[in-house]
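Structural features, examined
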Amino acid sequence: MSKVFVLNANKQPLSPVSPARARILLTKGQAAVYRSYPFTLILRHVIEAAVPVPLRLKIDPGARVSGLALVNDTTGEVVWAAELAHRGFAVKAKLYDRGVVRRNRRSRKTRYRGPRWANRQRCAGWLPPSLLSRIANVLTWVKRLQRWCPLAALSLEVVKFDLQAMQNPEISGRAYQQGELMGYELREYLLHKWHRKCAYCGKAGVPLQIDHIVPRGRGGTDRVSNLTLACERCNQAKGDQDVQAFLKRKPAVLQRMLNEARTPLRDAAAVNTMRSRLYEQLQGVGLPLESGSGGRTKYNRTRRGLPKTHWLDAACIGASTPEELQTSRVTPLGITAYGHGCRQVCLMDEHGFPRTKPKRKPTKHTFRTGDQVRAVVPARLTHAGVHVGRMASKASGAFSITTAQGRVTDIGYRYCVLIQHRDGYGYLHVKGGRDFLPAP
Ligand SMILES: [Zn+2]
């Protein structure tokens, strides 16, 4: 279990405690439950002159999932961790749907409308809403954690690939000059670019070697655009040949390879844009902010022999990473962004016509869609058992609940107990990692 957050009676954050200590505080009546996700206690009496241990929040922003880890820099203990699933792709899909409906609605009335494209422009620094949603999610959680635990510093992985360091290995730091970190930067970039497969035969899951597309002996350079990944067999077979000569009999593969070699990584660029904006925004939080690169993260993680998960990646960000990380007691909290519902009064069909009646306030119960509930259904009913998760409300009082095992439907409201009011996120405790969770 991760540690439990504790607030002083005046709501000042104190040092997190172990689950065992939290249980003692609760059974002795010295504290009450403040929040269930993340589990937070509040003391009943103010402790004067409390000196909480300062913690560092480390953030690994990703396109689908961002990793969060709270690390005690002096002991190397990972105190708490979470994996935050974004709804960037859902935002994009929703905006597309809205665009289709609007287009349809406009073309239904065919009176002449003057062209309007010329008076539309985007202000400087515009970012797509899908990226803004991811940035806002991370900022929300930084601000929340600031209220619940003694945050003293932040670390952010700002660049996935340190492009600068790859082109000029001499630019900064001893690690770069020794070539260790530089190799990580480069390999990560190439693995991403060539989809972790041999570029010539497409074999995956085998050790891949860095190969020069135009061999060095024929004037090829060490620039990234001239590098690719090949399995040992292909690399040996190619030898000192030019790529045109080697792929003479496979023109399709040759064409695809040359195209891919020239295009820079577009999605990596999008992630980098999001990260640099996040970096700017986090500077306004008022805590010392450390930046790190993806290559450094991987270097730190492999040196400590840790598996690749979002939260462990987060714990390994930056030069401040303690020599020994204690991670064995942590179960990361799975956080999924769901947004705060929509303002549409009634649902519509694919042509933009109303499909349902206007929503009404539910009357039989006080639950609202997005609440975290615990339902205990008696054995005589179809969905007997205990279901814990995020519920979707219905006026009829028959809810559906999204649990770690999947969705259960038709749960009567009278069997449900509220665990936590809705706050735009769903929560699940996931051992190991969360990549398999249903997308919002
Ligand atoms: Zn191959």
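Refer to the structure presented above.
Attention here is on the structure that accompanies the text. (Residues numbered from 1 in each chain as written. Predicted model: local features only at pLDDT ≥ 70, side-chain atom pairs only at ≥ 80, totals over all residues. Heavy atoms only, no water.)

1. Let's talk about the packing of aromatic side chains
Inspection of the entire model under this criterion finds 7 aromatic pairs. An angle of 75° between the planes, with centres 6.1 Å apart, marks the rings of Trp141 and Tyr427 as edge-to-face. Of this pair, Trp141 sits in helix 3 (residues 129-148) while Tyr427 sits in strand 18 (residues 425-429), placing them 286 residues apart in sequence. With respect to burial, Trp141 and Tyr427 carry one shared label: buried. Here Arg134 stacks its cationic end above the ring of Phe89, 4.9 Å away from the centre of that ring. Over the face of the ring belonging to Tyr413 we find Arg414, whose NZ or CZ atom lies 5.4 Å from the ring centre. (Phe/Tyr/Trp six-rings, centres within 6.5 Å; stacked < 30°, edge-to-face > 60°. Helix = DSSP H or I, 4+ residues; strand = E, 2+ residues; numbered from the N terminus. Buried < 20%, exposed > 50% of the residue type's maximum accessible area, 1.4 Å probe, protein only. Lys NZ or Arg CZ within 6 Å of the ring centre and 35° of its normal.)

2. So, unusual backbone geometry
Trans peptide bonds make up most of the peptide bonds, and negative phi angles are found at most residues other than glycine. Note the cis peptide between Tyr37 and Pro38, where omega equals -15°. Following the sequence through the fold, Pro38 ends up in the loop between strand 3 (31-35) and strand 4 (40-43). Notably, Lys11 is not glycine yet its phi reads approximately 70°, a positive angle. Take Lys11: it is sitting in the loop between strand 1 (4-7) and strand 2 (13-17).

3. As for the nonpolar core
Core analysis: the largest hydrophobic core is formed by 39 residues, its most contacted members being Leu57, Leu70, Trp141, Leu145, Leu154 and Leu282. Excluding residues within four positions of it along the chain, Leu154 makes contact with Arg56, Leu57, Val142, Leu282, Val285, Leu287, Pro288, Leu289 and Glu290. Grouped together as the second largest cluster of nonpolar side chains are 22 residues, Trp194, Leu227, Ala230 and Cys231 included. (Core = buried A, V, L, I, M, F, W, Y, C linked by side-chain atoms within 4.5 Å. Contact = heavy atoms within 4.5 Å.)

4. Notes on the coordination of the zinc ion
Every protein donor of the zinc ion is listed here as Cys198 (SG), Cys201 (SG), Cys231 (SG) and Cys234 (SG), and their distances to the metal cover 2.2 to 2.3 Å. In this structure, the zinc ion is surrounded by 4 donor atoms whose angles at the metal cover 103 to 115°, and the resulting shape is tetrahedral. Exposure remark for Cys234: the relative accessible area of 12% places this residue in the buried category. (Donors = N, O, S within 2.8 Å, 3.2 Å for Na, K, Ca; no water. Tetrahedral: all angles 85-135°; square planar, octahedral: opposite > 155°, others 65-115°.)

5. Description of the sheet that holds strand 17 (residues 416-420)
If you trace the 5 strands from one edge of the open sheet to the other, you get 16-15-14-13-17, paired in antiparallel fashion. Looking at the sheet topology across the chains shown, the edges are occupied by strand 16 (406-412) and strand 17. This sheet shows a mean twist of 40° between the axes of neighbouring strands, independent of strand direction. Inspection of the sheet shows strand 13 (residues 372-377) paired to strand 17 by 4 bridges, in the antiparallel sense. Bridging from a neighbouring strand, Val373 pairs with Leu418 of strand 17. (Pairing = 2+ DSSP bridges. Axes fitted to C-alpha atoms, helices over the stretch in contact; angles between N-to-C directions.)

6. Some remarks on the environment of Gly202
You can see Gly202 is positioned in the loop between helix 6 (180-193) and strand 9 (208-212). Distance in space between the C-alpha atoms of Gly202 and Cys231 is 8.8 Å, their sequence separation being 29 residues.

7. A short note on the pairing of strand 2
Counting buried positions over the 5 residues of strand 2 gives 4, a clear majority of the element. Examined bridge by bridge, strand 1 and strand 2 share 3 bridges and lie antiparallel to one another. By the bridge assignment, Val6 is partnered in strand 2 with Leu14. Between strand 1 and strand 2, which follow one another and run antiparallel, lie 5 residues, and Lys11 among them has a positive phi close to 70°.

8. Section: the side chain of Thr297
As for its position among the elements, Thr297 is in helix 11 (residues 294-303). Judged by its relative accessible area of 1%, Thr297 falls in the buried class. Excluding residues that lie within four positions of it along the chain, Thr297 makes contacts with Glu157, Asp313, Cys316 and Ile317.

9. Quick word on the sheet that holds strand 4
Strands sit in the order 2-1-4-3 across an open sheet of 4 strands; the sheet is mixed. Two strands in the sheet have a free side with no partner beyond their single neighbour: strand 2 and strand 3. Shown here is a sheet whose adjacent strand axes are inclined to one another by a mean of 35°, direction ignored. Note that strand 1 and strand 4 share 3 bridges and pair parallel.

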